[in-house]
Amino acid sequence: MSQETGTNRAIRRENRNRIFRYICRNGRTSNPAIASALKMSLPTVLQNTRELQGLGVLYDAGELDSTGGRKAKTVNVVADYRLALGIDITRNHIVMVLTDMVGANLDRERFHIPFRDEDAYYLSLQDLLREFVVRNHIAEDRILGVGVSVPGIVNYRTNRIDRSHVLGLEDFPLERIAGYIPYRTWFINDANAGAFAEGFHAQEGDHFFYLSLNNTVGGGFYDKKHLLDGDHFRCGEVGHMFLVPGGEPCYCGQRGCSDTYCSALRLAEVENGSLELFFENLDKGLDRDTQRWKEYVHSLAVLIHNIHMILDYDIVIGGYVGSAMGDHIGDIRREVRKLDLFDQEASYIRPCVFKISESAFGAALYEMDHFIAQI
Ligand SMILES: [Zn+2]
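Residues numbered from 1 in each chain as written. Predicted model: local features only at pLDDT ≥ 70, side-chain atom pairs only at ≥ 80, totals over all residues.

Draft legend 1. Geometry of the domain arrangement of the protein chain. One can read the domain layout of the protein chain as domain 1 (3-77), domain 2 (81-196 + 358-373) and domain 3 (205-351). Centre-to-centre, using C-alpha coordinates, domain 2 lies 25 Å away from domain 3. Among the elements of the structure, β8 (153-155), α6 (190-200) and α13 (358-373) are those that each provide at least two residues to the side of domain 2 that touches domain 3. The element that contributes the greatest number of residues to the side of domain 2 that touches domain 3 is α6, accounting for 6 residues. Of the residues assigned to the side of domain 2 that touches domain 3, the class counts are 8 nonpolar, 4 polar and 3 charged. (Domains from an automatic or database assignment. Helix = DSSP H or I, 4+ residues; strand = E, 2+ residues; numbered from the N terminus. Nonpolar A, V, L, I, M, F, W, Y, C, P; charged D, E, K, R; others polar.)

Put into structure tokens, the structure is as follows:
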């Protein structure tokens, strides 16, 4: 095989994949619309959509309503060509989700089951997964596998969780969980999974730092369909960056970590653990909520500013806080503006788009994306 042939083949594959991903993002569309959006020639697009139909991943979706002239034929993705399951393991809950080739929320359930590293826990997980598959009538041959999100450092060299403070695990073999899951299983850090869910639905070529503000604080660096790992799979662990030297104690054993000041718990604790109620009362102007928000936004602004000074990328505010804060993104931008030397608008701060069980969906979509990359 000549080098040129290999290069041409690679370009053809890339074109086909871009076309397929475009249809995944946009749904039912026509060949001319794809050609125009991706700046490709119509014959190239036609050839590729024909190939994709031949593979069984696209279907003929009828003609567009004509506004005069010839009616354009449309295609769409066979969304359930493959399905992926996602599981998010947290300290007190298991979240289970089902998604497809386009990242749809097909089913989702949250179970209150505190984590214990015991057979009984894993057997419960196994039973719940079986019931979940049965109730969704999923054909086994369509299941790509199960993505598991964990609040800890997932080491892909050793296939172990190096450490999870939240679950109380250290040097923990992934096989201990995977052994109970009767499908192909993969693992991902929870904040990275959140970043991936956000990125899966983003436009082509998007990149950002995803700041996960859940009951713990973490982050993931998403760059054009890839997550940055770092040398020790700890890239984005911003929860334990020092925000206040010698400040309040953190669960990690240090003092003054950003986790202590920026986790969702910091807000929810004002309202007996309810973040929804916190934002409701903030909107009503209640004093204690307003005062806490002010302090919180200041801490968060310092954290965001520090991250942005290193990366110079957009920062997506995700997790429970990013999902629940509504229009309050403006408060955060205003506070960051006071610190920022360069960007007076702080327009690089944006709220997350993906707002429900992002870690479970992100875990499922992580392998779905690898599968799509092969198309
Ligand atoms: Zn800490």
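Let's pick the thread back up.
Draft legend 2. Up close: the environment of Q47. Looking at the secondary structure, you find Q47 in helix α3 (residues 42-55). Distance in space between the C-alpha atoms of Q47 and F361 is 33 Å, their sequence separation being 314 residues.

Draft legend 3. Spatial organisation of unusual backbone geometry. Positive phi, normally seen in glycine, also occurs at N159, with a value near 55°. With respect to the helices and strands, N159 occurs in the loop between β8 and β9 (160-164). We note that D312 has phi near 60°; this positive angle belongs to a residue other than glycine. Here D312 shows up in the loop between α10 (287-311) and β15 (314-318).

Draft legend 4. View of helix α9 (residues 275-284). Taken together, the buried positions of α9 are occupied by L275, F278, F279 and L282. What you see down the axis of α9 is that its buried residues fit within an arc of 90°, all on one side. Turned more than 90 degrees from where α9 packs its buried face, E276 and K284 sit exposed. (Buried ≥ 20, exposed ≤ 12 C-beta atoms within 10 Å, placed from the backbone. Arc of directions from axis to C-beta.)

Draft legend 5. A look at the packing of helix α2 (residues 31-38) against α3. At a closest axis distance of 9 Å, the pairing of α2 and α3 adopts a crossing angle of 120°. The orientation of α2 with respect to α3, classified from their angle, is oblique. Crossing of α2 against α3: the hand is right-handed. Each of N31, P32, I34 and A35 in α2 lies in contact with α3, whose residues at this interface are L42, V45, L46 and T49. Taken together, the residues of the contact of α2 with α3 break down into 6 nonpolar, 2 polar and no charged. (Axes fitted to C-alpha atoms, helices over the stretch in contact; angles between N-to-C directions. Parallel < 35°, antiparallel > 145°, perpendicular 65-115°, else oblique. Left-handed = near helix turned anticlockwise from the far one by under 90°. Contact = placed C-beta atoms within 7 Å.)

Draft legend 6. Geometry of the sheet that holds strand β12 (residues 207-213). The mixed open sheet is built from 5 strands, whose spatial order is β14-β13-β12-β15-β16. The two strands at the open ends of the sheet, each matched to only one other strand, are β14 (226-227) and β16 (349-351). In this structure, strand β13 (residues 217-223) lies alongside β14, joined through 2 bridges in antiparallel fashion. The residue of β14 that forms the bridge with D223 is H226. (Pairing = 2+ DSSP bridges.)

Draft legend 7. Expanded view of the sheet that holds β8. Pairing within the open sheet is antiparallel, and its 3 strands lie in the order β8-β9-β10. Each edge of the sheet is formed by a strand with only one pairing partner; in this case those strands are β8 and β10 (169-173). Averaged over all pairs of adjacent strands, the angle between strand axes in this sheet comes to 15°, irrespective of strand direction. Two strands pair when backbone bridges link them, and β8 and β9 are joined in this way by 3 bridges, in the antiparallel orientation.

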